[in-house]
Amino acid sequence: MEVIWKATSQNAVYEEARVGRVFNHRRPSRFPMAVVNAAKEADIVDAVKLAVEQKCRVAVRSGGHSWAAWSVRDNSILIDLGNYKQLEVDAENMIAKATPSMTGRELNSVLIKEHGLMFPGGHCPDVGLGGFLLQGGMGWNCRNWGWACERVVGLDVVTAEGELIHCNSTQNRDLYWAARGAGPGFPAVVTRFHLSLLPYPKKGFRSSGYIYPMSMYRKAFDWILSITPSFDNDTEIAVISHYPEGSDEMRFFILFVVMKNTPEEAEAALRPAQETRPDGAVEEWFCKEDSLDEQYDKQEHANPEKHRYCAENAYINNDADVPAVLEEAFTTLPHRKAFALWYAMNPCSRRRLPDMALSMQSDHYFALYTVWEDESDDVRCQAWVKNVMKRVERHSAGAYLGDSDFQTRKTKYWADDNAKRLMDIRRKWDPKGRICGYLDQGDQSGTTGLTNAHEWKL
Ligand SMILES: Cc1cc2nc3c(=O)[nH]c(=O)nc-3n(C[C@H](O)[C@H](O)[C@H](O)COP(=O)(O)OP(=O)(O)OC[C@H]3O[C@@H](n4cnc5c(N)ncnc54)[C@H](O)[C@@H]3O)c2cc1C
């Protein structure tokens with residue numbers, strides 16, 4: 001196993017190991033003692049044992065896409081799983097066993113091409129399964145197909161003491177419960193996910209888009225809110241405010257992505273939107289042939305590499321005046337590359353969730369993805385996000401771990417009972433706080449974990 005020690009390695013080699021695979025180029029000033037480039041399961045066991053021996057913590061990196069670079073921690077051995085990619089597919093039973101650094105695109109390219117199957121991983125193609133699934137995973141068509149972690153049927157993990165065990169609904173059940181929603185506070189290292197798959201709807205993969213001028217913000221938003229609850233159950237619906245490439249004007253873009261078995265079914269699903277849409281779109285398309293691959297390309301384009309990012313999010317209360325609450329966020333973007341998102345979660349948000357750590361949701365998922373290039377914009381862009389969120393959060397039930405930074409804002413991430421149970425499970429499996437856990441301000445959370453409370457209410 002390759003170990004790159006901070007104290008004895010060349011700086012360039014150490015820096016590449018420390019942050020080379022971190023997506024957000026706003027680099028953290030945190031320095032692991034060593035980085036282990038794991039290439040097989042046994043390396044993960046050995047790396048955890050090395051951390052026990054060294055009396056330091058364990059940090060983990062799968063896809064490197066956590067916005068706040070949660071994998072980069074002081075006083076830790078960072079286990080980077082980037083070279084540990086394995087996939088086994090049991091097509092007959094529609095089960096895949098995948099290692100955590102596999103990305104959505106890597107997994108789906110094999111599943112689609114070789115088996116006609118898919119897994120609803122992250123929208124951005126390069127998000128790693130590890131961080132994504134532990135948080136819950138807002139994957140493709142989450143509003144209907146449910147959270148991606150609901151398709152985790154089991155997982156192999158290395159405990160904080162270095163023991164390799166399996167967790168599922170009958171074995172090590174508390175860890176299995178925690179793995180579906182603990183996010184970066186999961187008290188073990190996942191070496192493999194066992195996933196239940198879906199058929200890939202190649203023939204009926206279609207999309208419709210309606211792009212409105214910002215002057216139609218209220219009208220277009222009211223329309224989409226009114227049709228979402230009863231809209232087709234294989235269609236995901238998102239609203240994005242952004243500057244289209246080459247344009248000086250911000251636009252209000254409504255996107256429907258439908259995944260049906262046939263083109264006819266796709267057309268029937270999208271027809272109610274086409275027939276009721278408000279007039280005045282500057283551009284629109286109806287039931288265009290599409291694919292997961294093309295959607296991935298668009299997501300990749302919207303979230304470019306080598307950029308600086310600040311993400312934030314909130315589940316807006318079901319009874320809120322959503323367009324009013326989000327107006328500032330949607331109409332005052334601080335940079336041409338930044339965008340704001342509303343993502344429909346109804347009817348998933350109205351269903352009783354399985355018994356698992358993930359327990360926070362509402363009909364309206366809202367997120368800010370602030371993207372910029374120059375360090376000189378850091379203060380301005382981050383201040384904009386903070387100010388907008390100060391007003392928005394008062395209308396929210398809580399937030400999603402995946403687009404959060406616990407260093408900058410405290411809120412609720414789980415139902416109260418789930419949060420308490422989760423922190424108890426963390427202490428049971430990792431009483432010494434070996435696994436780094438939640439990165440709060442000053443990295444102090446340790447075995448206590450997060451408080452799970454709205455800061456503005458305290
Ligand atoms: C461009 C972009 C698009 C995104 N789109 C979506 C989306 O569509 N839906 C969504 O839900 N989220 C999305 N996210 C959020 C993303 O899911 C989270 O940032 C997630 O943490 C990324 O997982 P990762 O493995 O790539 O990250 P990493 O930074 O590698 O991991 C994050 C943390 O998770 C924990 N972790 C990771 N792997 C393991 C493991 N094997 N064992 C134990 N702990 C582990 C560790 O604490 C680690 O530090 C997006 C993020 C980006 C940057």
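Residues numbered from 1 in each chain as written. Predicted model: local features only at pLDDT ≥ 70, side-chain atom pairs only at ≥ 80, totals over all residues. Heavy atoms only, no water.

Under an unreviewed UniProt entry, the name given to the protein chain is FAD-binding domain-containing protein, and the source organism is Penicillium malachiteum. Among the UniProt annotations of the protein chain, the heading Cofactor (unreviewed entry) holds the following wording: "FAD". For the protein chain, the Sequence similarities (unreviewed entry) comment in UniProt is given as "Belongs to the oxygen-dependent FAD-linked oxidoreductase family." (UniProt positions renumbered as here; feature names shortened; annotations may be inferred.)

Student: Please clarify how the side chain of Lys412 should be interpreted in this entry.
Tutor: Assignment of secondary structure puts Lys412 in the loop between β19 (396-398) and α12 (416-429). Polar contacts involving the side chain of Lys412 include one to the side chain of Asp416, which spans 2.8 Å. The residues contacting Lys412, other than those within four sequence positions of it, are Met360, Ala397, Gly398, Ala399, Asn452, Ala453 and His454. (Helix = DSSP H or I, 4+ residues; strand = E, 2+ residues; numbered from the N terminus. Polar contact = N/O pair within 3.5 Å; in protein donor to acceptor, adjacent residues only side chain to side chain. Contact = heavy atoms within 4.5 Å.)

Student: Just checking my understanding: could you explain the pairing of strand β13 (residues 235-242) for this structure?
Tutor: Judged by how many residues are buried, β13 sits mostly within the fold: 7 of 8 residues are covered. Judged from the 8 bridges that link them, β13 and strand β14 (residues 251-260) form a sheet pairing that is antiparallel. From the neighbouring strand, Ile237 faces β14, where its bridge partner is Phe256. Relative to strand β17 (residues 339-344), β13 runs antiparallel, the two sharing 4 bridges. Bridging across to β17, Ile240 finds its partner in Leu341. (Buried < 20%, exposed > 50% of the residue type's maximum accessible area, 1.4 Å probe, protein only. Pairing = 2+ DSSP bridges.)

Student: Before we go on, may I ask you to explain the sheet that holds strand β8 (residues 152-159) in this structure?
Tutor: Sheet strands pair by backbone hydrogen bonding; their relative direction is either parallel or antiparallel. Strand order across the open sheet formed by 5 strands is β5-β6-β10-β8-β9, with antiparallel pairing between neighbours. Lying at the two open borders of the sheet, with one neighbouring strand each, are β5 (87-90) and β9 (164-168). Between one strand and the next, the sheet's axes are offset by a mean angle of 20 degrees, whatever the strand orientation. The sheet contact formed by β5 and strand β6 (residues 95-98) spans 4 bridges and is antiparallel. Bridging across to β6, Glu88 finds its partner in Lys97. (Axes fitted to C-alpha atoms, helices over the stretch in contact; angles between N-to-C directions.)

Student: Got a minute to help me understand the pattern of salt bridges in this structure?
Tutor: A side chain of one charge can pair with a side chain of the opposite charge when the charged atoms of the two come close. Applying the stated criterion across every chain, the model contains 33 salt bridges. The partner of Asp174 in a salt bridge is Lys428, with the nearest N and O atoms 2.7 Å apart. Here Asp174 is found in helix α6 (residues 173-179), whereas its partner Lys428 is found in helix α12, with 254 residues between them in sequence. With relative accessibility at 53%, the residue Lys428 sits in the exposed group. Between Asp416 and Lys412 there is a salt bridge, with its nearest N and O atoms 2.8 Å apart. We classify Lys412 as buried; its relative accessible area is 18%. One salt-bridge network, in which partners are shared between bridges, spans Arg105, Asp293, Asp297 and Glu300. (Salt bridge = Lys/Arg side-chain N within 4 Å of Asp/Glu carboxyl O.)

Student: Could you clarify how one ought to interpret the site of the ligand in this entry?
Tutor: The environment of the ligand is formed by 33 residues, the closest being Ser62, Gly64, His123, Gln135 and Tyr400. In this structure, an oxygen atom belonging to the ligand sits 3.0 Å away from a main-chain N or O atom of His65. When isolated, the ligand has an accessible area of 960 Å², and the protein chains bury 96% of it. Secondary structure elements with two or more residues in the shell around the ligand: β3 (57-61), α4 (129-135) and β10 (188-196). With 5 residues, α4 is the largest single contributor of residues to the shell around the ligand. Looking at the shell around the ligand residue by residue, the class counts come to 16 nonpolar, 15 polar and 2 charged. (Near = heavy atom within 4 Å. Areas by Shrake-Rupley, 256 points an atom, 1.4 Å probe, with all protein chains shown as cover. Nonpolar A, V, L, I, M, F, W, Y, C, P; charged D, E, K, R; others polar.)

Student: What am I meant to see in the nonpolar core here?
Tutor: The tendency in soluble globular proteins is for nonpolar side chains to be buried as a group. Formed by 83 residues in total, the largest nonpolar core has its most connected members in Trp147, Leu155, Phe186, Leu195 and Tyr365. Setting aside chain neighbours within four positions, we find Leu155 in contact with Ile165, His166, Cys167, Tyr176, Ala179, Phe186, Val190, Arg192, Phe193 and His194. Counting residues in each nonpolar core, the second largest holds 47 residues, with Leu225, Tyr243, Cys287 and Leu326 among its members. (Core = buried A, V, L, I, M, F, W, Y, C linked by side-chain atoms within 4.5 Å.)

Student: Is there a simple way to explain helix α3 (residues 104-115) in this structure?
Tutor: Residue pairs spaced three or four apart in an α-helix point in one direction, given the helix's 3.6 residues per turn. Between its terminal C-alpha atoms α3 stretches 15 Å, which fits the 16 Å expected from 12 residues at 1.5 Å a residue. Every buried residue belonging to α3 is among Gly104, Arg105, Leu107, Asn108 and Leu111, and all of these are buried. Along the axis of α3, the buried residues cluster in a sector spanning 160 degrees; they form a single face. Exposed positions of α3 whose direction lies more than 90 degrees from the buried face are Lys113 and Glu114. (Expected span 1.5 Å × (residues − 1). Arc of directions from axis to C-beta.)

Student: So what exactly am I meant to see when it comes to the sheet that holds strand β2 (residues 34-37) here?
Tutor: Pairing within the open sheet is mixed, and its 4 strands lie in the order β1-β2-β4-β3. Because the sheet does not close on itself, it has two edges, and the strands there are β1 (2-5) and β3. Pairs of neighbouring strands in the sheet enclose a mean axial angle of 20 degrees, with direction left out of account. Along the sheet face, helix α1 (residues 11-19) touches β1, β2, β3 and β4 (76-80) and points at about 110 degrees away from the line of β1. Against the sheet, helix α2 (residues 41-54) contacts β1, β2, β3 and β4, and its axis sits at roughly 175 degrees relative to β4.

Student: What is the right way to read the state of the cysteines from this model?
Tutor: The term disulfide refers to a covalent linkage connecting the sulfur atoms of a pair of cysteines. A complete count under the given rule lists 0 disulfides for this structure. As a non-bridged cysteine, Cys310 has Cys381 as the owner of its nearest cysteine sulfur, 8.3 Å distant. (Disulfide = S-S within 2.5 Å.)

Student: I keep staring at helix α11 (residues 378-392) and nothing clicks. Help me out?
Tutor: Look at α11: 21 Å from first C-alpha to last across 15 residues, which is about the 21 Å you get at 1.5 Å a residue. Of all the positions in α11, only Asp378, Cys381, Trp384, Val385, Val388, Met389 and Val392 are classed as buried. Down the axis of α11, the buried side of the element spans an arc of 145 degrees, and every buried residue falls inside it. Taken together, the buried residues of α11 touch β16 (308-316), α10 (322-331), β18 (364-372) and β19.

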